[in-house]
Amino acid sequence: MAPGLPSSDWEDDLHREHSHRVAEGRDLETLRLAVAPLGFESAGDTDHFVRWFENLAVVGPGQGHPLFAWLAEKADLAQMRWFLTQEASGEAGFEDLLAYAQVKLPARAKLECARNFWDEMGHGKQGAMHSQMLDNMVNELGLQPAVATTVWESLALANTMVGLATTRRYAYHALGALGVIELTAPARVKQVAAGMRRLGLSGHTRAYFDLHAALDISHARAWIREVIRPLVEANPACAQALAEGALMRLRCGERCFERYFEDLRCDKQAGHAPAVGLALC
């Protein structure tokens, strides 16, 4: 998604992009088909679908994972830094995903995307941009996120979100995935912030997590009211796609939580920080 400039090799670039997009599509379809049966449970009228979607915060894949209580109560600073590095590496940029996903949406849903985007952009103030807050945390803790030192589950999460948002046949999937982030993030980030506070990290360092612990609650309500419900009412056929997208995002997150917890618990037994990019047991 990085900006580029015209090149005489543009046809070769297109051929390479085509092969990558085919591989991406196959990967997304594998994941979609794996979660599709769970999405069938959402079938019914709009009220039933909304209740099903909201209940993902309780029963969805990865919810209530013990990793986050462990981070809040037991992780040492080295372990917290490793976790935060993995999270920073797998961050696809919510504002950019929103920008791609909102193209050609109905007005009501598009307006909510715009309001959400404006929050992500700090209402026009660079220091209040959510991505800037994340960058500040990375810099203040001296983290060095990089593809080579990131576990594959975190990279897969980011790539899945990018694939859904940038591929129009997955437009409704992207909206389901973005909505379920807002719905499920507050409980997790609140525990991460608690762990950072316990370890003595400053309010400025943990600002990204403190903010999302509160703001995403209102974002989730608005997303369901202004995006999910109106889309399903107008086009019931999109409900399964919204459900699949939400489940794809949650399944990817669950894989991350399992991998992080496995590596961090093994690290505790070994008595040193996790070897980034490598499973320890």
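Figured I'd write up the structure that's included with this text. (Residues numbered from 1 in each chain as written. Predicted model: local features only at pLDDT ≥ 70, side-chain atom pairs only at ≥ 80, totals over all residues. Heavy atoms only, no water.)

**What to know about the pattern of salt bridges**
Summed over all chains, the structure comprises 14 salt bridges. Notably, a salt bridge pairs Glu 112 with Arg 115, separated by 3.1 Å at the nearest N-O pair. On the criterion of helical spacing, the pair formed by Glu 112 and Arg 115 is a turn pair, its members being three residues apart in helix α6 (residues 107–120). Residues Arg 225 and Glu 226 are paired through a salt bridge, measuring 2.9 Å at the closest nitrogen-oxygen approach. On the basis of relative accessibility, which here comes to 44%, the residue Arg 225 falls in the partly exposed class. Classification of Glu 226 as buried rests on a relative accessible area of 13%. One network of salt bridges, with partners in common, ties together Glu 29, Arg 32 and Glu 244. (Salt bridge = Lys/Arg side-chain N within 4 Å of Asp/Glu carboxyl O. Helix = DSSP H or I, 4+ residues; strand = E, 2+ residues; numbered from the N terminus. Buried < 20%, exposed > 50% of the residue type's maximum accessible area, 1.4 Å probe, protein only.)

**What about the side chain of Glu 226?**
With respect to the helices and strands, Glu 226 occurs in helix α10 (residues 207–234). A distance of 2.8 Å separates a polar atom in the side chain of Glu 226 from a polar atom in the side chain of Arg 108. Looking at Glu 226, its side chain comes within polar contact range of the side chain of Arg 225, at 2.9 Å. Beyond its immediate sequence surroundings of up to four residues, Glu 226 is in contact with Arg 108, Ala 109, Glu 112 and Arg 115. (Polar contact = N/O pair within 3.5 Å; in protein donor to acceptor, adjacent residues only side chain to side chain. Contact = heavy atoms within 4.5 Å.)

**Comments concerning the packing of aromatic side chains**
All chains considered together, the criterion is met by eight aromatic pairs. Relative to Phe 83, the ring of Phe 68 has its centre 6.3 Å away and its plane inclined at 85°; by these criteria the two rings are edge-to-face. Of the two residues, Phe 68 is situated in helix α3 (residues 66–73) and Phe 83 in helix α4 (residues 77–89); the sequence distance between them amounts to 15 residues. Accessibility expressed as a relative area gives 4% for Phe 68, which makes it buried. An angle of 70° between the planes, with centres 6.3 Å apart, marks the rings of Trp 70 and Phe 261 as edge-to-face. Here Phe 261 lies in helix α11 (residues 239–270) and Trp 70 lies in helix α3, a separation of 191 residues in the sequence. Side by side, Trp 70 and Phe 261 carry an identical accessibility label, which is buried. (Phe/Tyr/Trp six-rings, centres within 6.5 Å; stacked < 30°, edge-to-face > 60°.)

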